[in-house]
Each structure stands twice: as structure tokens, then as C-alpha cells.
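One letter stands for each residue in the lines below.
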Amino acid sequence: MNDKVVMPLWTCCLFIVVMNTTMFNVSLPTIIQDLSISADLGSWIISSYSIGYALSTVIYSRLSDLVPIRRLLTVGLITLGLSSVFGLFAHSFQALLITRIMQSAGAGAMAGLGLVLASRYVPSERRGQAIAMISAGSAMAFGLGPIVGGLISEYFGWNGLFGITCLVLVVLPVLLRLLPKEHPKTAGFDIMGAVLTVVNAGSLLVAVTSQSLIWLMVSLVSFLVHAWHLKRVQETFINVELFKLPGYAKLAVIGFCILVLNLGNLFLMPLALSALFHKSALVIGLMIAPGAIFSAFMTRYVGHWIDRYGNLRFLLIGHGLLILVMIVYLTNLSASPAVIILGYLCFSPAFSATMASLNNEASMILPRKLIGSGMGLLQLIQFFGGSVSVAVCGILLHAQRTVAPAQAYQHVYGLLLIVILCSGTVLIWYSRSRSKEKTPLEA
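### Here's the deal with the nonpolar core
Phase 1: Core analysis: the biggest nonpolar cluster contains 139 residues, and Trp 10, Leu 73, Leu 268, Met 326 and Tyr 329 have the highest contact counts within it.
Phase 2: When residues in this core are grouped by element, the largest group, 19 residues, is from helix H10 (residues 248-277).
Phase 3: The contact partners of Leu 268, leaving out residues within four places of it in the chain, are Cys 393, Leu 397, Tyr 409, Val 412, Tyr 413 and Leu 416.
Phase 4: Within the second largest apolar cluster, 7 residues are counted, among which are Met 298, Val 302, Phe 314 and Ala 356.

### Section: the side chain of Asn 359
Phase 1: Residue position: Asn 359 is located in helix H14 (residues 337-365).
Phase 2: By relative accessible area, which is 5% here, Asn 359 ends up buried.

### Section: the side chain of Asn 311
Phase 1: Tracing the sequence through the fold places Asn 311 in helix H13 (residues 311-332).
Phase 2: Among the residues examined, Asn 311 registers a relative accessible area of 8% and is labelled buried.
Phase 3: In contact with Asn 311, not counting residues within four places along its chain, are Ile 306, Ser 357, Asn 360, Glu 361 and Met 364.

### Describing the environment of Leu 377
Phase 1: With respect to the helices, strands and loops of the structure, Leu 377 is situated in helix H15 (residues 371-399).
Phase 2: It is 8.3 Å that separates the C-alpha atoms of Leu 377 and Arg 62, two residues lying 315 residues apart in sequence.
Phase 3: In this view, Leu 377 contacts Val 58, Ile 238, Leu 242, Phe 243 and Tyr 248; residues no more than four positions away in its chain are not counted.

### A word on the confidence of the model for the chain
Phase 1: Summary statistics for the chain give a mean pLDDT of 81 and a share of 92% for residues scoring 70 or more.
Phase 2: Between residues 439-443, whose pLDDT stays under 50, and residues either more than four places distant or in other chains, the model counts 0 contacts.

### Observations concerning the packing of aromatic side chains
Phase 1: Under the defined criterion, the tally for this structure stands at 3 aromatic pairs.
Phase 2: Summarising the aromatic geometry, the rings of Tyr 329 and Tyr 413 are spaced 5.1 Å apart at their centres and angled 70° between planes, so their arrangement reads as edge-to-face. One end of the pair, Tyr 329, is in helix H13; the other, Tyr 413, is in helix H16 (residues 405-442), with 84 residues separating them in the sequence. With respect to burial, Tyr 329 and Tyr 413 carry one shared label: buried.
Phase 3: Ring centres of Tyr 344 and Phe 347 lie 6.0 Å apart, and the angle between their planes is 20°; this geometry places the pair in the stacked category.

### Observations regarding the packing of H10 against H13
Phase 1: For the pair H10 and H13, interaxial distance at closest approach is 13 Å and the crossing angle is 35°. Where H10 crosses over H13, the handedness of that crossing is left-handed. Between H10 and H13, the contacting residues are Ile 254, Ile 258, Leu 261, Asn 265 and Met 269 on the first element and His 319, Leu 322, Met 326 and Tyr 329 on the second.

### Digging into unusual backbone geometry
Phase 1: Backbone geometry at His 278 places phi at a positive 55°, although glycine is not the residue there.
Phase 2: Mapping His 278 onto the fold places it in the loop between H10 and helix H11 (281-297).
Phase 3: The class for His 278 is exposed, based on a relative accessible area of 69%.

### Points about the packing of H10 against H14
Phase 1: For the pair H10 and H14, interaxial distance at closest approach is 10 Å and the crossing angle is 160°. Taken as axis vectors, H10 and H14 run roughly antiparallel relative to one another. Between H10 and H14 the crossing geometry is left-handed.

Criteria and thresholds
- Residues numbered from 1 in each chain as written.
- Predicted model: local features only at pLDDT ≥ 70, side-chain atom pairs only at ≥ 80, totals over all residues.
- Heavy atoms only, no water.
- Core = buried A, V, L, I, M, F, W, Y, C linked by side-chain atoms within 4.5 Å.
- Buried < 20%, exposed > 50% of the residue type's maximum accessible area, 1.4 Å probe, protein only.
- Helix = DSSP H or I, 4+ residues; strand = E, 2+ residues; numbered from the N terminus.
- Contact = heavy atoms within 4.5 Å.
- pLDDT = per-residue confidence, 0-100.
- Phe/Tyr/Trp six-rings, centres within 6.5 Å; stacked < 30°, edge-to-face > 60°.
- Axes fitted to C-alpha atoms, helices over the stretch in contact; angles between N-to-C directions.
- Left-handed = near helix turned anticlockwise from the far one by under 90°.
- Parallel < 35°, antiparallel > 145°, perpendicular 65-115°, else oblique.

And the structure:
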């Protein structure tokens with residue numbers, strides 16, 4: 001496989017898929033108003049896509065150990081494209097929600113299979129650059145999505161946002177010609193484990209968003225059933241052997257926290273700019289874009305630096321910058337829109353470098369036979385964190401609807417600051433444990 005051609009093209013497709021999240025972020029105030037729904041209900045438009053994206057990501061990644069990547073990509077992108085066509089004609093909350101869920105079922109192919117493809121076919125000396133490219137494409141989509149979303153919403157309405165994701169159908173034939181040909185494996189697939197994983201994540205998210213004790217009990221029961229299933233089946237969908245690998249669980253916790261921070265911030269920024277400074281969707285997109293553009297510009301340097309200086313150094317630097325931005329937002333968010341713009345100029349490249357380093361570090365500690373399941377589960381945990389974050393942020397804003405808007409947003413950003421501080425603590429723990437592992441070998 002010519003990774004110098006395939007990976008940039010793959011990143012372009014992933015850009016469209018990820019942008020599908022942030023395009024709706026910036027249009028969320030308009031959607032809430034047009035459909036006459038509350039902020040916490042509106043958060044489902046974002047969180048349903050995120051959780052579906054997370055679940056489909058791990059399913060595609062896990063299936064890549066058994067099914068050729070070309071076949072999985074075909075199923076994923078056709079599902080995404082056809083559901084996007086349906087979304088052009090969705091004019092109710094129910095239809096919009098169903099469309100977003102169907103989109104997410106196909107979108108996970110790009111994220112899940114992208115990291116598997118890089119980990120499996122890109123040489124280790126260039127892998128950091130490839131993964132950094134994927135991470136930067138995601139970061140740029142997170143930032144440029146608001147501009148595209150703002151422009152389309154301004155002139156074509158929010159239904160027009162679905163037209164962008166139809167473009168993946170154009171790229172699909174080109175990718176299929178370039179991808180390596182693989183042969184199906186003969187091992188079985190744990191269908192019951194996959195179903196239980198979907199039920200676990202879905203029921204827990206519903207319990208959080210609806211604040212329902214009944215759904216929490218359903219979620220707990222589903223986890224107990226899944227634990228029983230893991231003990232009685234040999235080839236399981238969630239490979240428990242992964243958590244026996246040194247450091248894997250810590251990296252999973254860090255990834256969870258980073259996505260909580262990123263999607264929480266991307267959910268809050270457009271709403272804050274609208275509520276505090278009365279900016280339109282188009283203006284909000286233009287304000288958020290510089291951070292994404294700067295992040296994309298830094299991609300070529302960050303990838304080389306990661307390969308040269310190592311993952312841990314950039315994980316620590318990224319955490320430091322993210323903590324600094326959260327402190328600034330907590331203390332000065334309502335002072336001026338410039339605070340949000342300048343903060344995101346630091347936030348976006350820091351997030352991109354952190355995720356690239358994290359995923360590259362994970363690919364290094366995973367045995368080749370566990371790359372599909374390991375990278376897939378890692379992304380499931382990450383995007384589940386993002387889904388929970390959006391839902392919780394929506395609930396907290398709704399609960400503080402009688403409080404001054406500036407104060408309400410500061411409270412939520414205070415929670416995000418605690419999350420990134422916890423992530424930093426786990427990172428230091430991981431860094432020290434890795435140093436102890438290397439010391440005996442060096443001695």
C-alpha cells in the first residue's frame with residue numbers, strides 16, 4: 001500500500017465524517033429554535049451521533065480482524081451516504097434523530113479502520129506522521145465544521161448540512177482501488193458480545209441524559225450480563241486481554257477524558273458565543289475557524305516531532321496547554337469573544353497533538369494481532385466520553401437556566417477543568433510506570 005497517497009485521501013474522507021459533528025454544533029441554536037425543543041433534548045442531536053460513531057467505530061475495528069477493510073469501508077460509506085440523502089428531507093426532531101443515528105452507523109468506518117490501516121500497513125518510522133495526519137484532519141474538521149455549518153445554515157437551512165456527507169460516495173471508488181487486498185479470516189465473531197456492548201453504552205447514555213434511575217438499573221444489569229458472557233466465551237467482542245497489557249487501561253482513561261474535554265468545549269463554544277455575545281451561526285463559525293486552520297498548519301511539524309522526540313513528551317505538553325485554556329475560559333469567558341478565539345487557537349493544536357501521541361503510543365504497545373480490537377476499543381471509550389460530555393453539558397446548562405448565562409458557562413467549564421486535571425494525573429502515573437519498565441532493560 002502506498003501510504004503517502006492513501007493516508008492523505010483517507011484523512012480527507014475522515015475530515016468530512018468528523019465535520020458532520022461540528023457542522024451541527026454551530027447550527028444547534030437554530031435547530032433548537034426551529035423544532036421548539038430544549039437544550040438538553042437538542043444535545044441528543046450531537047450525542048446520538050457521537051455514541052453511534054463510537055459504537056460503530058469499535059465494531060468496524062473489531063471486524064477488521066476477520067473481514068477485509070475494503071468490504072467494511074464499502075458498507076460504512078454507503079450507509080453514511082444514503083442516510084445523508086434521507087436527512088435532506090428530515091423536518092422533525094424524530095426524523096432528524098433517526099438520520100443522525102443511521103449516519104453514525106456508517107461514519108465509524110473511517111475512524112476505526114483508519115487507525116487500523118495506519119497501525120497495520122504504515123512502517124513504524126512513519127506511523128507517527130500518519131496518525132498525526134489523521135488526528136489533525138479530525139481537529140481541522142472540528143474547527144472548520146462551524147464555518148461550513150454556518151454558511152450552509154445561513155443560505156440553505158440546516159437540512160443542507162446533510163449534503164456535505166454525500167461526498168464520501170464520490171471518494172469511495174478511488175479508495176477501493178488503492179487499498180491493499182486482504183483475505184477473510186476464518187475465526188468467528190462474537191455477535192452477542194457486540195450486541196451487549198451496544199446495549200451497555202446506549203443504556204448508560206440514556207440513563208445520564210434522561211437522569212433516569214430505571215435506565216441506570218437497566219444499564220447495570222446489562223453490564224452484569226456482559227461480564228457473565230465474557231467469562232463463558234473464549235473469542236469475545238471486547239477482548240479482556242487488552243487490559244492486561246501494561247499501560248493500556250491508563251491510556252484508555254486519558255483518551256476518555258480528552259474527548260470529554262474536546263466535545264464538551266465544542267458544544268459549549270457556539271452556545272456561549274450565541275448567548276453571551278449574540279453572534280450568528282456564520283460569525284461563530286468564522287470565529288472558531290482560525291484554531292482549526294492553525295492546527296492543520298502544525299500537522300506536518302507535530303508528526304515529525306512525535307516520531308523524533310516520542311509520544312510522552314507531547315502528551316505532557318498537550319495536557320499543559322489544555323489545562324491553561326480551561327483556566328482562562330473559567331475565569332474570563334464572558335470578557336470578550338476574543339478570549340474564546342485565542343483560547344481555541346491554543347486548544348485545537350494541543351488537542352490534535354495529544355490525540356496523535358496517545359493513539360501512536362497505543363499502537364506501539366499493542367501486539368499486531370490485537371491492533372484491530374485494541375484500537376477499536378480505545379476509540380469506543382474515547383467517543384463514549386465525548387457523548388457523555390455533550391449530554392452532561394446540555395443537562396447542566398438546562399439545570400442553570402435561571403442563573404446568569406456567564407455564570408452557568410463558567411460552572412460547566414470548571415467541571416471540564418477538573419476532568420483534564422484528572423487526565424494529567426493519570427498521564428503522570430503512566431509516564432512513571434513506563435520509566436520503571438524501561439529501567440531494568442537499560443540496566
